[in-house]
Amino acid sequence: MLAILPGCLLAQGVRITGRVISVQDGQPLPGVNIQVKGTTNGVSSDANGNYSINVPGSAATLLATSIGLISQEIAVGNRTTINIQMQESINELTQVVVTGYNTTQRKDISSSIASVSPDKFKDIPVASFDQALQGQAAGVQVSQSSGTPGGGLMVRIRGNTSISASNRPLFIVDGVPVENGALGGREFGGQTDNALALFNPNDIESIDVLKDASAKAIYGSRAANGVVLITTKRGKANQKTKFTADVQQGMIDIIRRPDLLNATELLDLQREAVINAGQDPDKLGLIRGVTDGQNTDWINSVLRKGVYQQYQLSTQGGNDKTQFYLSGSYRNEQGIQLNSQFTRYTGQFKFDHKATDKLSFGMNLTLSQVKNKRVKSDNFLDGVYSGALKSLPYYSPYNEQGRLYGPNDPEYGGFPNFNPVGQAVLPRFETYTIKMLVGLYGEYEILQNLRFRSKISADYNNITEDQFEPSTTAIGGFLPSVGGQGYGVFSSANVSKIVNTNTLNYSYQLAEKHHFSGTAGFELQQQFERRGSLQGRLFPSDDFTYIRSAGIVDQGDSYKNRNGLVSLIGEVRYDYDEKYLATITSRYDGSSRFGQNRRFGLFPSASVAWRISSEPFMQQFRFLNDLKLRTSFGFTGNEQIGDYQFLGTWASATYSGATGVGPAALANPNLQWERTREANIGLDASFFSGRLTFTVDAYDNLTNKLLFAQPIPQTTGFSTVQGNIGEVSNRGVELTISSVNINKAVRWSTDFNISHNQNKVISLATDQPVFRGYSGNGVSNTNVILPGQPLGTFWGLKFLGVDPATGDAIYDDKNGDGRITPDDGQVIGNAQAKLYGGLTNRVSWKGFDVSVFLQFSYGNSILNFTNTTLVNTGADIQSNQSRQALKRWQKEGDITSVPRYVFQDTYNNYLSSRFLEDGSFLRLKNVSVGYNLPKKWIERFKITNTRIYASATNLWTLTNYSGPDPEVSTLDGSTAAQGIDFFTLPQVKTVFVGLTIGF
Amino acid sequence: MPTGKDNKDNMIRFFRYSIVLTLAVLASCQQILEPKPVDLLVDDLVLNEPNDVQPVRIGLYNAFRSMGASNMIAGDFTADYIQANGTFNDYIQFGTKRITATNDVVDVLWNNLFSTIYVANFILERLPNVSGVKDDTRKQVLAEARFMRGWANFIGAYTYGDLPKVTTTDNQTNTQIARTAKADILASVLADYQAALTDLPAVDATSTNATTNATYLNKTNCRAAMARFYLYQKNWAQAEALATQVITSGVYTLLTNYSDVVTKDFTTESVLEVGYALSDDPGTSATGLNNLLVGRREVIPSNQLVAALISTEAGTRSQTITFNAQQQRASDNGWTVRKYGTASEDNNNIVYIRLAELYLIRAEARAQQGKLTGATGAVADLNVLRTRAKAPAITLTAQADVLLAVERERVYELAFEGQRWYDLVRTGRVQAVMSAFSPNWDSHYELWPIPQREIQLNTALVQNPGY
């Protein structure tokens, strides 16, 4: 049989025709792929569900597949007409999963991949798709760093693998590793912008998160932090052109306001602090009835309710040769801080064309522009929300005529009371970002089953930052060392990337049951960065706000940078009768970030899976549809450090108007890839016709050769050297359960995922603690990296309580020397959650649908660093205090956790576990309600569907955290210093109504 | 269905294509994998040829300049000149005299000292081997390197006490390095200074470029530094002799108005001064002096210093500080230090040595030697400064009184030029003065702590007592 020539087979082929319809409603199904199994010979059904295909003979089997439908295999036999009835899949087994340079069905996967369909976030007003992952996939931890619109998020897949290289996963949109993280050159008090907010999440067809080595190794050098594959929408073959319009409008408000003291309460507290310090409060100007004559609620003065609106129109369609998708959207989100606003325009186009049986090509294009009006926030002394927290209620934002108080007014508080209302509305911080992501591909079938595909893509980002702070602001007017008379900065940057990917795909089968497929490829990637900026001061007046009018242009910068990656890719998959599956994947990467000797790294992986449910002895368990055990092992890497760090370098150094060179960095020619060894074992099970599915994964990952700017004694002339030192381990368990609890007129489904990750630093160069985060008062720093402890460990004194006799803080004298010194600093907690996950329930009945999404985190600590200012025990009298301060010790015998207030005494305010709080929370992340108008009402308007809906996010939170929001992190993106709340703007709650019309 | 043979052919072709692709990759590697940095110079290229000497020399001066701000903070914030007025813990520590080993400024000064020493050692190791450099250039730059290494060690020894003695750029050697006795360090300082003095260029009274004379090293300003060294060493005769040499050289001359000392850069009185241009001004960086003293007003002059400076004894030196009634509230006395301006003002430099100090050095050296009155007496030197400041002349005659007058005169003349704490410690007056100023003062504050991070990273280091 094997000896028969294929040419003969084709000549003797049989033509099969038929129609594909839906089991549910008998409607024709267009765009279903009909394929001769084991070959690439395939067609798709047309608008009426009809298809026609040549098959080699009666022994052939047809494979019918489509996203969202259960795949079917049909033996041809002697028939020439085969009508196919397809069923909507309620489980995910037949779902198509993107696996890097290939796609496959979920049931054929031998690695760990989580998929998030856009259905799961379509009613949540996410600004970026990384936010859409929040609570939706096991092993993926997403937390929003603040309530700033368009702001950064922390995304971690299976924990933190790296100390100083990036921990952000690799985000790949339509094959291009896109810019993620911050694009802007300026951070606003810890908060950055988010490059992923330039994409419209509604243009996304699928998100696949690659979690284990086998899935990720194809991305080798950059895959250690996980890979998120984004596929944008494309038109379906033989589909009537379809239009969809979507409108959302709503309101945004802060989730919870901080509770601060009013003027009289604060004055009493400050007077007490001064008296405790043995001084006379009247002499310091703290006079009852005078100082507290004014009582301003600064928080209310700087916050507002924002308006949220989003409009989108999209169309898609195509015939069997050409398909397209086209969309445009507009989003406008007002921040809750005065004057902050995020506006986005996007356009998306996708085009695929099949020129001949062998040749196809196409393109994808994303164009978007964001205008981000930002305000200073977080740990900026002259920030808006931070300023409002700190500013004394004794001052007022406006005079009697409604004019804002500025630096020249006697009523202006001055440092650090900078009239936060003025700080919000007067400066201009506008960031304009333009993104163009374009890809062109061609695919050619060289021989049967051997396909060559080449794609060239560019990710082009242009960032313009336009800033001006007038003389009525802190920087522009109050601080002569900076502005004095207006301060302007204008900067422009271009960050772009070109990727060329070339792959050969080959598949064949042997003796029917042995299926092989292989991919080989090479990829070139180059990233370019060009930046320039100007700073001007001394403007004639505040009417002139651009640097053209500046009296002095005293700072300027221009810079260019380039880095590159050259890679070879290989993958071989094998399965026997879809029962035993194996995959071997490898990538060989060369990076410009390492020296000649250490430039290339090899990242191999292997996985095997066993579909137990296919074994004969399992056939008796009829309730079990699928049971698959899989395991994988392999290596991935990380190279996300700055460029040229392996070189010992000197940089420009100035002196009295002359310019020379000064030392910049110590050389390390042996700097090399950070490598993570990953092992994974998982079980996929599906019961009761797919109504209940489980996925359990357990993993053990060890990262070694950590890229790390290792602190060294400064007697060397340097403070750090970039090295590969130490090991970090991540071990964890993930569970995902999906069930359809009721599937009648009422349909109720539940998705639940929960993850546990245990992160631990195994070793470092020395056992000496490495300090990170903010400097602490009385101890080194807020954070420490220490062998045996997880990343994100908090450091400080151990607060043992308040001495009822004296009211002073009692700290643990760890070294027993009778004094409290920095040497008594110790580990006081960590920011890593023990458990996190999400629970979504969806109920639909007739046209109605309701979805309730809860998200949780358990066991993480938050360092409430804000309280080192807001419950400062009298260290200074220039900041307002939190209501917690009223619990302070006042007289002998008081039992309290807040020490007594003593003016200018910082002892009671040392950085200690007093500021550490439980950050566990359960949050009602989203509730949405929708109604699809009955077809009979809308059909006469030629409308195919109309859905009205309402959605609310962050409505309710259960937490013991005393700050306004447990889900914040002031150092956006930091790993070693995560989970610090330092005047961080809390999340917002958004309530909106929406309308979707399809026609 | 494909046949076995067909499969085999396909496989062969598949690998053939793969090999072609592999070769294409390797060809494009070089260009992509070896981009050149635009703003960095690789170690090996830094000092190879005569043209490299000047840039590296400027780098040395840059490192030398970096010590200025933290050295000033050590000298004046540790003592009785200031009170804390802001929210930075580091400066509250200085204000309340509760300085800890984690204070950032303690670390910044340490860092700056040793990065200066690194560049100096780099030049001392490499420059002798660079061929084609003119002999006098080579001698001068080597002398400058030795001077600056000496200067850094001098500050280090008086700030931290015993100090790691770093004489090489070898990373290994300098990582685990123990402290060397202060006396040995100071001996090496003298050796460096003496070697520098031999090879530095000479200047004389005909040299009128005040900027160059203060910006770059010459024999005269090297002597000024040595006069300070001998004063600290209590070698009164040498201190007096060297101070006299500087004063009589005619290269540097006292200004007529003290206010110009406060508000102008590169005056004729400036013996050694490190300059900032508009574009490299420290601005709001952590130790930017204008930012600390004027912008944020993290520290303000202490009430007792204000009283001293606005007394008639100080004369026009009251211009060192200025009062703004609008700022006077709560614990803020409304006074601000004026000696450090913004980038766009003409006083954003840091003066290391000023001719007035040489008069004070000589006065003290003379008083210690019993030369009190007359043309070559201490009082005459003090009165030179008093006359310039339009303050009443001194008429004291007892040695103890004259020595106290020198101490007071240094307050009037040199406030916020980084001298006070060092003066009090070396004259043994620190306990008396500081205990009266702050209840938290303790004798262990006569030295700064070794930065906590250094103690942790270099196990050969032992912390100073009391910290």
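Conventions used here
Residues numbered from 1 in each chain as written. Chains lettered and ligands numbered in written order. Predicted model: local features only at pLDDT ≥ 70, side-chain atom pairs only at ≥ 80, totals over all residues. Helix = DSSP H or I, 4+ residues; strand = E, 2+ residues; numbered from the N terminus. Rg over C-alpha atoms; globule rule 2.2 N^0.38 Å. Buried ≥ 20, exposed ≤ 12 C-beta atoms within 10 Å, placed from the backbone. Contact = placed C-beta atoms within 7 Å. Pairing = 2+ DSSP bridges. Axes fitted to C-alpha atoms, helices over the stretch in contact; angles between N-to-C directions. Core = buried A, V, L, I, M, F, W, Y, C linked by C-beta atoms within 7 Å. Parallel < 35°, antiparallel > 145°, perpendicular 65-115°, else oblique. Left-handed = near helix turned anticlockwise from the far one by under 90°. Nonpolar A, V, L, I, M, F, W, Y, C, P; charged D, E, K, R; others polar. pLDDT = per-residue confidence, 0-100.

Right, let's get into the overall build of chain A. Per the secondary structure count, chain A includes ten helices and 51 strands. A globule of 999 residues ought to have a C-alpha radius of gyration of about 30 Å, and chain A, at 31 Å, matches this closely. Principal-axis analysis of the C-alpha atoms gives chain A an extent of 105 × 70 × 60 Å. Going through the 999 residues of chain A one by one, you find that 55% of them count as buried.

Across its full length, chain B carries 19 helices and nine strands. Each principal axis of the C-alpha distribution contributes one length, and for chain B these read about 115 × 60 × 45 Å. Counting the 467 residues in chain B, one finds 54% classified as buried. In chain B, 68% of the contacts between residues at least 6 apart in sequence involve partners at least 24 apart.

This part covers the sheet that holds strand 16 (residues 227-232) of chain A. All names here are of chain A. Strands sit in the order 10-15-16-13-14 across an open sheet of five strands; the sheet is mixed. On the outer flanks of this sheet lie strand 10 (113-116) and strand 14 (176-177), each paired with one strand and no other. Where strand 10 meets strand 15 (residues 204-210), four bridges bridge the pair, whose relative direction is antiparallel. Bridging from a neighbouring strand, S115 pairs with D208 of strand 15.

Right, let's talk about unusual backbone geometry for a bit. Residue and element names in this part refer to chain A. Its identity is not glycine, yet Y644 carries a phi of approximately 60°, on the positive side. Checked against the element boundaries, Y644 lands in the loop between strand 29 (624-638) and strand 30 (649-655). Non-glycine residue K942 carries a positive phi angle of around 60°. Positionally, K942 belongs in the loop between helix 10 (935-938) and strand 49 (945-959). K942 gets classed as exposed once you count the C-beta atoms within 10 Å, which come to 7.

The subject of this paragraph is the environment of S928(A). All names here are of chain A. In this fold, S928 is placed in strand 48 (residues 921-932). S928 sits in the buried class, given 21 other C-beta atoms within 10 Å. Sequence separation of S928 and A952 is 24 residues, and the distance between their C-alpha atoms is 6.4 Å. Once residues lying within four places of it in the same chain are set aside, the contact partners of S928 are D123, S851, Y949, A950 and S951.

Residue and element names in this part refer to chain A. Taken in spatial order, the four strands line up as 3-2-5-6 in an open sheet, and their pairing is antiparallel. The open sheet is flanked by strand 3 (42-44) and strand 6 (72-75), the only strands paired with a single partner. Between one strand axis and the next, the sheet turns by 20° as a mean value, whatever way the strands run.

A separate point is the nonpolar core. Taken as a class, soluble globular proteins show a tendency for nonpolar side chains to be buried jointly. The biggest cluster of nonpolar side chains holds 144 residues, and the ones touching the most others in it are L60(B) and A227(B). If near-sequence neighbours (up to four positions away) are discounted, L60(B) is found in contact with V119(B), A120(B), I123(B), E144(B), A145(B) and M148(B). Of all hydrophobic cores here, the second largest spans 78 residues; its members include V384(A), F794(A), I828(A) and V902(A).

Here the focus is the packing of helix 15 (residues 378-388) of chain B against helix 16 (residues 399-414) of chain B. Residue and element names in this part refer to chain B. Where helix 15 meets helix 16, the closest approach of the two axes is 11 Å, and the angle between their N-to-C directions is 20°. Between helix 15 and helix 16, the crossing angle belongs to the class labelled roughly parallel. Regarding helix 15 and helix 16, the two cross each other, and that crossing is left-handed. Residues A378, V379, L382 and L385 of helix 15 touch helix 16, and the partners they reach there are V402, A405, V406, E409 and E413. The residue makeup of the contact of helix 15 with helix 16, split by class, is seven nonpolar, no polar and two charged.

Turning next to the interface of chain A and chain B. With 85 residues of chain A at the interface, the matching set in chain B holds 91 residues. Going through the elements one at a time, helix 1 (6-11), strand 24 (487-510), strand 25 (514-537), strand 26 (552-576), strand 30 and strand 31 (658-665) of chain A are the ones with two or more residues in the side of chain A that touches chain B. By residue number, the principal contributor to the side of chain A that touches chain B is strand 26 of chain A, which donates ten residues. Classifying every residue of the side of chain A that touches chain B gives 46 nonpolar, 34 polar and five charged. With two bridges joining them, strand 30 of chain A and strand 1 (residues 41-42) of chain B adopt antiparallel strand pairing. Bridging across to strand 1 of chain B, T649(A) finds its partner in V42(B).

Below, the discussion takes up helix 3 (residues 89-96) of chain B. When you tally the buried positions in helix 3 of chain B, you get seven out of eight residues, the bulk of the element. Within the span of helix 3 of chain B, buried status applies to N89(B), D90(B), Y91(B), I92(B), Q93(B), F94(B) and G95(B). Along its buried surface, helix 3 of chain B packs onto strand 38 (770-775) of chain A together with helix 2 (50-77), strand 2 (82-84), helix 4 (104-126) and strand 6 (299-301) of chain B. Downstream of helix 3 of chain B by a residue or two, K97(B) has a phi angle that is positive, lying close to 55°.

Looking at chain B, pLDDT values average 92 and 94% of them are 70 or higher. As scored by the predictor, the complex reaches a pTM of 0.82 and an ipTM of 0.90.

Bringing the pairing of strand 15 of chain A into the picture now. Residues and elements named next belong to chain A. Of all seven residues in strand 15, five are buried; the element is thus mostly enclosed. Sheet topology note: the strand 15/strand 16 ladder contains six bridges and is antiparallel. In the strand pairing of strand 16, L210 is matched with V227.

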